[in-house]
Amino acid sequence: MARAAVKRAGRAGRVPARAPSRRRRIAARVHSGKWRRWNRSPIKVKRSPNVKLKKRMEHDWLRRAYDAGAHSLSAQAESVKEDTPESDFTEAIRKAANEDWYRWYSAVGGVPRSVYPAASAKFVEGYAKRSGKYLGHLLTIPTVRTVAAIVTVMNEKGTIAGVIQQLERLPLHELIFVVNGSTDDSFEIIRNQSRAAILHYPHPLGHDVGRAIGAKFAESELLLFLDGDFAIPAENLIPFIQAIEQGMDIALNNIDPYIGLFHRRDSVTRAKEFLNRSLQRADLGSNSLTAVPHMMTKLAAERIGYSNLAVPPKAQAVAVEQRMKIGAPASIDVISANRLRDLNVGNGNKTARMIIGDHIEAIQLALKARGSRLTFPDGIRKRL
């Protein structure tokens, strides 16, 4: 039939047009503008049962957190006297609220990480309504052990206010700033905007030495290490506290998602991964005590030694040799946010050479402890 139609059309001097393909029809609609009018028709998207269930669970957690905050006012919070100085009063109320949060948090077996910040906010909202006491933007933490935040600072006047703002949302026992080699107004900003302890050194110490000094000065049970280069939202620090509370000795920042493929990595990143593999901790990837934020117990810092903490790769090697529990519970992108300085820009810069030297020192320590081959086999060679 089709061939006969073509023959008849040929006799008539014309060829019948084929039906346009779907691609051609769409192209014609786009060109004429009809596609846009056709595409504006409302489309009903059906949510999958999993999405609905997730939303329902989140709502349930928030409701439970609010009810817990509204009904868990402890005797400690009620005993805080109104005539207490304002700063001490606020600190006492925040501490009592966090203890009540942790009591409920433990009773329910923990809160999913995805809803933790919102659940904490709902708990604080209910707690404030019941107590009639303002708690600000408090973010409760999953521990009743004392926590110290140790921040190294050198010429960070543009970012240090944001760092203070985020850390003061947490019910910290200590807030310690190690200001070293600063020539700007960083010291004055910290002194005027917080009640933090300030360890001031007129000459540069470096981040690592500053952290070791802060760790030795701290009296808290848990130590959280940060830099003043950039502010990290308080919510992002909760997983580190959770990991330590659940039994980890050292919680590292997992930077592996941000470093790319192996052939694109710099020498510092390769040195970190080589050290971990040499210590039979390939699971740690390129994660190291060199990167912040990280957290450890005060007991772990004492066992490692404060002099070793001044050399982070060496401290990590000591911790592995002592069979401490080390993990990387959370990922925070500190690579793109890292402040560029004259010392850390360009191939073979001074900072990179120093970090690689620290890793060589750590490998030397491991060689003394494990032998000249470390953990690498020597199966095919016949040595005399």
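Residue numbers run consecutively from 1 along every chain, following the written order of its sequence. Reporting in this predicted model follows two pLDDT cut-offs: at least 70 for local features of residues, and 80 or more for side-chain atom pairs to be given and counted; totals over whole chains, interfaces and linings ignore these cut-offs and use all residues. Calculation of side-chain values draws on the structure's entire complement of heavy atoms; hydrogens and water are dropped beforehand.

Visitor: Even after reading the chapter, I still don't get the packing of helix H15 (residues 312-321) against helix H16 (residues 350-370), so can you show me in this structure?
Guide: The axes of two packed helices give the description: the angle between them and the distance between them. Angles here are taken between N-to-C directions and fall from 0 to 180 degrees, while the axes themselves are lines fitted to C-alpha atoms, restricted in helices to the stretch in contact. A run of DSSP states H or I qualifies as a helix once it reaches four residues; a run of E qualifies as a strand once it reaches two. Both are numbered from the N-terminal end. Interaxial distance between H15 and H16 falls to 7 Å at its minimum, and their mutual angle equals 25°. By the angle between their axes, H15 is roughly parallel relative to H16. Crossing geometry of H15 relative to H16 is assigned as right-handed. Across the interface between the two elements, Pro312, Pro313, Lys314, Ala317, Val318, Val320 and Glu321 from H15 touch Asp358, His359, Glu361, Ala362, Leu365, Ala369 and Arg370 from H16. Side-chain classes are defined by residue name, with Ala, Val, Leu, Ile, Met, Phe, Trp, Tyr, Cys and Pro counting as nonpolar, Asp, Glu, Lys and Arg as charged, and the others, Gly among them, as polar. Here the residues of the contact of H15 with H16 sort into 8 nonpolar, 1 polar and 5 charged. Note on terminology: angles under 35 degrees are roughly parallel, angles over 145 are roughly antiparallel, angles of 65 to 115 are roughly perpendicular, and the others are oblique. Each helix crossing is assigned a hand: it is left-handed if the near helix lies turned anticlockwise from the far helix by less than a right angle, otherwise right-handed if that turn is clockwise. Every residue pair with non-hydrogen atoms within 4.5 Å of one another is taken to be in contact.

Visitor: So what exactly am I meant to see when it comes to the sheet that holds strand E3 (residues 197-201) here?
Guide: Spatially, 7 strands are ordered E3-E2-E1-E4-E6-E5-E7 in an open sheet, and the strand pairing comes out mixed. What marks the edges here is a single partner per strand, and that holds for E3 and strand E7 (326-330). On average, each strand axis in the sheet is inclined to that of its neighbour by 20°, with strand direction left out of account. Note on pairing: DSSP must find at least two bridges between two strands before they are called paired. The pairing of strand E1 (residues 147-153) with strand E2 (residues 174-180) spans 6 bridges and is classified as parallel. Bridge pairing links Thr152 to Val178 in E2. Running at roughly 165° to E3, helix H9 (residues 186-193) makes contact with E1, E2 and E3 of the sheet. Contacting E1, E2, E3, strand E4 (222-227) and strand E6 (294-297), helix H10 (residues 207-217) runs over the sheet at an angle of about 150° to E1.

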